[in-house]
Amino acid sequence: MTEVRRLEPWGGAPEAAIDRIWYVSYGSNMRLSRFLAYLRGGRAEGGALEHPGCRDPEPPRAWAALELSGRLYFATESRIWGGGRAFFAPAEVSGTERTDSGTGPVLARAYDVSREQFADVAAQEMYRAPGDGPELATVLAGGERAVRCGPGRYETLLCLGALDGRPALTFTAPWRAADVPRNPPSERYLAQLAGGLGEMEAWSTTAVRAYLTGAMAA
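Residues numbered from 1 in each chain as written. Predicted model: local features only at pLDDT ≥ 70, side-chain atom pairs only at ≥ 80, totals over all residues. Heavy atoms only, no water.

1. Some remarks on the packing of helix H1 (residues 32-40) against helix H2 (residues 115-125)
Two elements in contact, H1 and H2, have axes separated by 9 Å at closest approach and are oriented at 100°. Compared by their axis directions, H1 and H2 come out roughly perpendicular. In this structure, H1 contributes Phe35, Tyr38 and Leu39 to the contact, and H2 contributes Gln117, Val121, Gln124 and Glu125. Taken together, the residues of the contact of H1 with H2 break down into 4 nonpolar, 2 polar and 1 charged. (Axes fitted to C-alpha atoms, helices over the stretch in contact; angles between N-to-C directions. Helix = DSSP H or I, 4+ residues; strand = E, 2+ residues; numbered from the N terminus. Parallel < 35°, antiparallel > 145°, perpendicular 65-115°, else oblique. Contact = heavy atoms within 4.5 Å. Nonpolar A, V, L, I, M, F, W, Y, C, P; charged D, E, K, R; others polar.)

2. A word on the packing of helix H4 (residues 187-200) against helix H5 (residues 205-217)
Think of two packed helices as two axes; the pair is described by the angle between the axes and how far apart they sit. Closest axis-to-axis distance for the H4/H5 pair is 10 Å, and the angle between their directions is 145°. Here H4 runs over H5; the crossing is right-handed. Where H4 approaches H5, its residues Leu190, Leu193, Ala194 and Leu197 are matched on the opposing element by Val208, Tyr211, Leu212 and Met216. Here the residues of the contact of H4 with H5 sort into 8 nonpolar, no polar and no charged. (Left-handed = near helix turned anticlockwise from the far one by under 90°.)

3. Describing H2
What sets the pattern is the α-helix's 3.6 residues per turn: residues three or four places apart point alike. Among the 11 residues of H2, 9 are classified as buried, and the element is accordingly described as predominantly covered. Those residues of H2 lying buried are Gln117, Phe118, Ala119, Asp120, Val121, Ala122, Ala123, Gln124 and Glu125. Tucked inside the fold, the buried residues of H2 contact strand S2 (20-25), H1, strand S6 (106-114), strand S8 (156-163) and strand S9 (166-172). Positive backbone phi, at 60°, marks Tyr127, one or two positions downstream of H2. (Buried < 20%, exposed > 50% of the residue type's maximum accessible area, 1.4 Å probe, protein only.)

4. Re the sheet that holds strand S3 (residues 63-68)
Pairing between the strands of a sheet comes from backbone hydrogen bonds, and it takes one of two forms, parallel or antiparallel. With mixed pairing, the 7 strands of this open sheet are ordered in space as S1-S3-S6-S2-S9-S8-S7. Every interior strand has two partners, whereas the edge strands, strand S1 (4-5) and strand S7 (146-148), have only one. One ladder, built from 3 bridges, connects S7 with S8; its direction is antiparallel. Bridged to Arg148 within S8 is Thr156. (Pairing = 2+ DSSP bridges.)

See the structure below:
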């Protein structure tokens, strides 16, 4: 079985001092082939949209299995898969209007990517063009764990901690989990999550099934 890693606190650093970042995915990007569509461009298998890709299409240099404090839930409507999207509700977030009590853990996959690649992936998730991604300076500086970049469903950046001395970042929605209606995920989307979790070989098939079933009921 693959080791499940633990994040350490991130003390902050100037953006210019950080070349590489751990991008933490808790949704469909946990499946490597799907994530590569964001890096290289193209359409993920079963997806409805073409992605422009990152300016640097290099694949991730490494990955790690993680368990995050918080919970996963499904809401809104995905343009790519239909049905609800996955959102991460941290157990506690300061600096935003959102505070959620998590029941976790949330299973996730961290990818070793460049700072530019993370910004380009975030831009595509925000329906922006590569190169028009969010500013990372504030979230990397360590003063604010959560930084809202816009009103959209993946426009709040989170610094979850550090792994091997480098920051671990993700994005989620600005709202509280309790404030949005649930929408079950499509079978196509659920297959991406299950496939990504299975690839990591960190959790049993039974555990993955129970985890996703619990998230749909949350």
